[in-house]
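Structural description and commentary
So the chains spell out like this:
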Amino acid sequence: MTAALIMLIISLSSCVITAIGALLVRRSYISHVLAVGGSIISLCALAAGWIMLANPTLQHSVSYLTLPLAGHLSLRLNRLSGMFLIVFGLVCLPISIFSLRYLEKMLKNYSLRFYGVWYSSLLFSIVLILIAGDIITFFTAWELMSVTSALLVAYEHKNDKGPAAGWLMLITSETGALAFLGSFILLAVNAHTLQFSGILAHPGSFSPGLRAIIFVLSFFGFATKTGLVPVNFWLPRAHPEAPGPISALLSAFILNCGIYGIFLINVVLLPVRSVWIGVAVMTIGTVTAILGILYASISDDIKTVLAHSSSENMGLMTIATGAGMIFLASHAPVLAGIGFMVAIFQMTNHSIYKALLFLCAAAVHRQTNTRSLDKLGGLIKAMPWTSGTFLIGALSISALPPFSGFTSEWLLIQTLLQATTLHSTALELACAIAAVFVGLTAALSITCFVRVFSMGFLGHPRTQTAKNAKEIPHSMRYSLGLLAMLCIGIGILPTICIPIFSRALSPGVNSVAVSNSLIPPFFSQIGHSFLNPNFQRSFLNIGAGIGQHTLPGSSMVILHQGGTANPVTFATSPFYGVFVLILLLLLTRLAVKIITRNRTKLTVPAWTGGMRKLLPEMTYTSTAFAKPVNVIFQSVIHNRTVIEERDAVHEHFRSVIHRHVKESHIIDRYFLEPIGKIVVSIANTIAKLHTGRIKHYSTLVLFTFVTTLIIAIFV
Amino acid sequence: MTNTWILRGIIHRKKTEKRYDSDGLVLTKGITLGLPFVKKQVSSENAIQLVSICPTQALVYENNKLNVYPERCIRCDRCVEDNLSPIVMTNDQPSVRWSNPDNSVLLPHQFRRSIHIRIVDAGDCGGCYNEVRQLNNPFYNMHRFGFFITPTPRNADVLMVVGSGTRQMQYALQATYEAMPTPKIVIAVGTCALSGNMWSKSLTGGTGIKNVIPVDVEVMGSPPTPLTIIQSLFSITGRQMPASIISSKTEPPEMKRD
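Residues numbered from 1 in each chain as written. Chains lettered and ligands numbered in written order. Predicted model: local features only at pLDDT ≥ 70, side-chain atom pairs only at ≥ 80, totals over all residues.

1. Remarks on the overall build of chain A
Along its length, chain A carries 27 helices and six strands. A compact globule built from 715 residues should have a C-alpha radius of gyration of about 27 Å, and chain A, at 28 Å, falls within 12% of that. Across its three principal axes, chain A shows a C-alpha extent of roughly 100 × 85 × 60 Å. Classification of the 715 residues of chain A by burial places 50% in the buried group. Across chain A, the fraction of contacts at a sequence separation of at least 24, relative to all contacts at a separation of at least 6, is 78%. (Helix = DSSP H or I, 4+ residues; strand = E, 2+ residues; numbered from the N terminus. Rg over C-alpha atoms; globule rule 2.2 N^0.38 Å. Buried ≥ 20, exposed ≤ 12 C-beta atoms within 10 Å, placed from the backbone. Contact = placed C-beta atoms within 7 Å.)

2. As for the overall build of chain B
On a plain count of helices and strands, chain B comes out with six helices and ten strands. The globule rule puts the C-alpha radius of gyration for 258 residues at 18 Å, and the 19 Å found for chain B is close to it. The dimensions of chain B, computed from C-alpha atoms along their principal axes, are 65 × 45 × 40 Å. Across chain B, every contact between residues at least 6 apart in sequence was considered, and the portion connecting residues at least 24 apart equals 78%.

3. So, the interface of chain A and chain B
Note: interface size is frequently given as the accessible area lost on complex formation between the parts. Across the contact, six residues belong to chain A and eleven residues belong to chain B. Among the residues forming the side of chain A that touches chain B, the class breakdown is three nonpolar, two polar and one charged. (Nonpolar A, V, L, I, M, F, W, Y, C, P; charged D, E, K, R; others polar.)

4. Some thoughts on helix H20 (residues 494-503) of chain A
When you tally the buried positions in H20 of chain A, you get seven out of ten residues, the bulk of the element. Restricting attention to buried positions, one finds in H20 of chain A the residues Pro494, Thr495, Ile498, Ile500, Phe501, Ser502 and Arg503 of chain A.

5. Notes on the sheet that holds strand S5 (residues 96-98) of chain B
Residue and element names in this part refer to chain B. Across the sheet, six strands lie side by side as S5-S10-S9-S8-S6-S7; this open sheet has mixed pairing. Bordering the open sheet on either side are S5 and strand S7 (147-149), each of which pairs with just one other strand. Averaged over all pairs of adjacent strands, the angle between strand axes in this sheet comes to 25°, irrespective of strand direction. Where strand S6 (residues 115-121) meets S7, three bridges bridge the pair, whose relative direction is parallel. Across the sheet, Ile117 pairs through a bridge with Ile149, a residue of S7. Here helix H6 (residues 226-237) sits on the sheet and contacts S5, S6, S7, strand S8 (158-162), strand S9 (185-189) and strand S10 (217-219); the angle it forms with S10, its principal contact strand, is near 165°. (Pairing = 2+ DSSP bridges. Axes fitted to C-alpha atoms, helices over the stretch in contact; angles between N-to-C directions.)

6. A short note on the environment of Asp647 of chain A
All names here are of chain A. Residue position: Asp647 is located in strand S5 (residues 640-649). In this structure Asp647 comes out as exposed when scored by C-beta crowding, with 10 C-beta atoms within 10 Å. Separated by 86 residues in sequence, Asp647 and Gln561 have C-alpha atoms that sit 67 Å apart.

7. Notes on helix H12 (residues 302-329) of chain A
All names here are of chain A. In a regular helix each residue adds 1.5 Å, so 28 residues correspond to 40 Å; H12 covers 41 Å between its end C-alpha atoms and thus fits that length. Counting buried residues along H12, 28 of its 28 residues qualify, which places the element largely inside the surrounding structure. Of the residues trailing H12, His331 is marked for its positive phi of about 60°. (Expected span 1.5 Å × (residues − 1).)

8. Here's the deal with the confidence of the model for chain B
Residues and elements named next belong to chain B. Summarising the model, chain B shows a mean pLDDT of 83, and 90% of its residues fall at 70 or more. Between the elements of chain B, mean pLDDT differs from a low of 76, seen in helix H1 (residues 5-12), to a high of 95, seen in S8. Interface confidence in the predicted complex, given as ipTM, is 0.71; pTM for the same model is 0.84. (pLDDT = per-residue confidence, 0-100.)

9. Regarding the packing of helix H3 (residues 79-107) of chain A against helix H13 (residues 333-368) of chain A
Residue and element names in this part refer to chain A. Running from N to C, H3 and H13 point in directions that differ by 0°, and their axes come no closer than 10 Å. One element, H3, and the other, H13, form an angle in the roughly parallel class. On H13, the residues that touch Met83, Val87, Leu90, Val91, Pro94, Ile95, Phe98, Tyr102 and Lys105 of H3 are Ile344, Met347, Thr348, Ser351, Ile352, Ala355, Leu359, Ala362 and Arg366. Each residue belonging to the contact of H3 with H13 can be placed in one class, and the counts come to 14 nonpolar, two polar and two charged. (Parallel < 35°, antiparallel > 145°, perpendicular 65-115°, else oblique.)

10. Considering the nonpolar core
Core analysis: the largest hydrophobic core is formed by 222 residues, its most contacted members being Leu356, Leu359 and Val438 of chain A. Considering every element that reaches this core, the biggest residue donor is H13 of chain A, with 22 residues. Dropping the residues within four chain positions of it, Leu356 of chain A is found in contact with Thr389, Gly393, Leu480, Leu483, Ala484 and Cys487 of chain A. Counting 53 residues, the second-largest nonpolar core is a separate cluster that includes Val162, Met169, Ile213 and Ile230 of chain B. (Core = buried A, V, L, I, M, F, W, Y, C linked by C-beta atoms within 7 Å.)

11. Observations concerning the domain arrangement of chain B
All names here are of chain B. Taken domain by domain, chain B holds domain 1 (35-90) and domain 2 (96-237). Each of domain 1 and domain 2 was reduced to a C-alpha centroid, and the two centroids are 27 Å apart. Tallying the contact residues gives nine residues for domain 1 and eight residues for domain 2. For the side of domain 1 that touches domain 2, a count of residues per class yields five nonpolar, one polar and three charged. (Domains from an automatic or database assignment.)

12. Here we look at the packing of H13 of chain A against helix H21 (residues 511-518) of chain A
Residue and element names in this part refer to chain A. Put simply, H13 and H21 touch, their axes get as near as 9 Å, and they point 80° apart. Considered as vectors, H13 and H21 are oriented roughly perpendicular to each other. Taking contact as the criterion, the partners of Val334, Gly337, Ile338 and Met341 in H13 are, on H21, Ser511, Ala513, Val514, Ser517 and Leu518. Looking at the contact of H13 with H21 residue by residue, the classes come out as six nonpolar, three polar and no charged.

13. With respect to unusual backbone geometry
Omega for the peptide link from Val229 of chain A to Pro230 of chain A comes to 0°, which places this bond in the cis form. Position of Pro230 of chain A among the secondary structure elements: in the loop between helix H8 (208-226) and helix H9 (235-241). In this structure, the amide linkage connecting Thr182 of chain B to the following residue, Pro183 of chain B, adopts the cis form with an omega of -5°. Along the chain, the position of Pro183 of chain B falls in the loop between helix H4 (167-179) and S9. One non-glycine residue, His192 of chain A, adopts positive backbone phi at about 55°. One can find His192 of chain A in the loop between helix H6 (161-191) and helix H7 (196-201). The phi angle at Arg75 of chain B is positive, at roughly 55°, despite the residue not being glycine. With respect to the helices and strands, the residue Arg75 of chain B is situated in the loop between strand S3 (65-68) and strand S4 (87-90).

14. Overview of the pairing of strand S6 (residues 653-662) of chain A
Residues and elements named next belong to chain A. Of all ten residues that make up S6, zero are buried, and the element is exposed over most of its length. Of the strand pairs in this sheet, S5 and S6 are connected by nine bridges, and their pairing is antiparallel. Across the sheet, Glu645 pairs through a bridge with His658, a residue of S6. Counted between consecutive antiparallel strands, the loop separating S5 from S6 contains three residues, among which His650 sits at a positive phi close to 55°.

15. Digging into the confidence of the model for chain A
Regions with low pLDDT carry predicted coordinates that are not meant to be interpreted in detail. Of the residues in chain A, 99% have a pLDDT of 70 or more, and the chain-wide mean is 89. Of all helices and strands in chain A, the one with the weakest mean pLDDT is S5 of chain A (74), whereas helix H15 (residues 384-397) of chain A scores best (95).

16. Concerning the environment of Gly227 of chain A
Among the structural elements, Gly227 of chain A can be located in the loop between H8 and H9. Once residues lying within four places of it in the same chain are set aside, the contact partners of Gly227 of chain A are Asn232, Leu235, Leu255, Ser310, Ser311 and Met314 of chain A.

This is how it looks when you write it as structure tokens:
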């Protein structure tokens, strides 16, 4: 633990040094300082996280300051924070390397000094949030994170949308922070301490009503950061406007801070006891996932697509968390552990591939100056490295087998299907519906990312800038390559990752039981008691035990055993699946070659519908590709005609009709706009007092004076 | 609105046209005058006078003989208005024929049951295309024979062309032909596609599609009846070799331009 503490201190102090360095060095070296500083911060966080996760004791508190009224302020090093720190390190390292050359583009228009200060403050606050041991530290760090991330989103202030997006983000974030501060205060009042460890040790007594209030306040508060329905309206507005590395960091890690908060309050500090809280969390997650991917499939801006998709992935994590809460409340600790483990697994996957995709989008934006999919196209020839890594990220996020997203989504659906062991029809039905929606989400996400990749990177370039694009510099390529390798690695070897994730689980869950129930020790122990012997033999017959004398580790197979209520067993092996996939591809290629060996091959130009020249504007655009989704889900999307202009000659002969149809977000329609209307009507009511006549104002002053006097006398 | 098609089908039963008459002969007739045929030879003055009233040079006086080339005839009836005219319009003449006398027109045996057809309108007046469109309606119902229309030449086995091959459509026609996989068959439907009809004299009207792409099967008539077109499709799949297909012909003389 001392080593972890030293690493964390190095990490936090290098944030400070980086900030000072950014203020002092010459302008052209600021990006270097940030890259080196960011790399050191993330590597130290990674090391600290690894040490904390490997530590056998679950938690450790270090007091660093004593305030007169509040008592000790402390850091709390535990395995859950360790897991989050590892993810932070894995994501922040490539982002820092990437930003070295990316910031050159911003240097032309903006000074990078305060960018550097805010960036290092953001990293500082993130590390501090993860290791905060008391409410004051946590809340201060959270506020620092909210403010600095809003400032960074609004950093490119010369375009109009940036500052507006920053303000929106700040307002939402502060509302959420106030809400979860309420829940923290309720917790602290009941436990008579501000320390998390104190609350854990003596939580005090909570009535069901108080528990519900704490849940609602904290969940709403953290949901604003996580981007759950109905408070995710800021997400697709703020993320596209942020500079490239910042939007990657926002989407890949800062959203996870909300998940961390939900875990902290509802799983660690005050484990849920009511299944209905779990069902509510799962419902919100389902709605978020389906709406997120729906709007991702129809957006034109590549970064907006990714932002909506982040919302979707956060929804999936929330579904897993909700399922875990249901199992926890129904006294099924192993299944609960699997649920929470899936949430962490999905979070890690999402952080890695979303960082990759956002960095690719930033690279495309840097090289072509556009983010509109309708204006891109044909980048695979000009930017093969970016396109290849983007493809890996897109395959991962679409949950296709040899890549990282597959196992977590598979486990999510299987975990939801395990609800049959609970013997409650309502819960079974809720979980089954959630599973169906997860399936629909996965299918839509494939549509979405087929569209993004094919319209952005394949085909003909639709504009001159897309045609003249050049490949990104080497340092950026390496950071993309690092993330892509992580995607493939986790995808092929989830059996090695699952025990790591399950170590991060909360105290109520036995992590060894979780990883053993998912990955039975086929290789390390023959004849173990986790599986029925007959069943184990049948499994060995189909090759689950290949290489049991040579391979280290427990197994290459992930298993989900049903109980007596549902005697179905689900198993998959991504590791063997890769070999089978390669074999199938080779065999298919061979078969095609044998079948077509006598065919004459004719090479003719592409069929262009009889046009003399196929202009790039005539090719299939992303808007056209999204049309079927747009039509099927029209009742949700509600397309609106935004602008209709008519240019006319002599008022009678129309020469041009411009018509722009834009999709409207369902949250805007049913949540944001009613709130706006209410606020405006309140303001209008108050405005009636402002008549502009001096006698009315003096009456008001007199009235206020009299009221104050009355209050002063009687209270 | 209720759909009454099912009810109608039950009441009226089958409405599809027969392809055979009661004697088992193939029907190619429709509401058409048929093709011109020289019944008897006449004196040179009469012949030259007849040739002069033919607008598309379908009647040719050569080697002291009055010849008629039905692929140029547009059924204007000018030559048969007189009862004493040596020309008659008859339906007995074959209206589908192959450009090459040998069997190279036949598709391989894999295409015997089903073919996919790409239709290109290379600048017709709408007459021939209207007849081609009838092929898919409930009366002629080409699908029952396994003939399908496809929107892309990439999937097509047969290219069916109507219209005279105008200058603007020549590139598109060529590109369509080149985009088709082999083996491929071109069917030219109607007088315009075969010879250019009235507008062969014009600069941009086109003189038939054989100047653009090689034609394998010629369907004569202006317009030809749908059953005739189905007949041509049967002939290229090798499912039926009707007597109306002749395998030899004489080339008409070069068309005179004003």
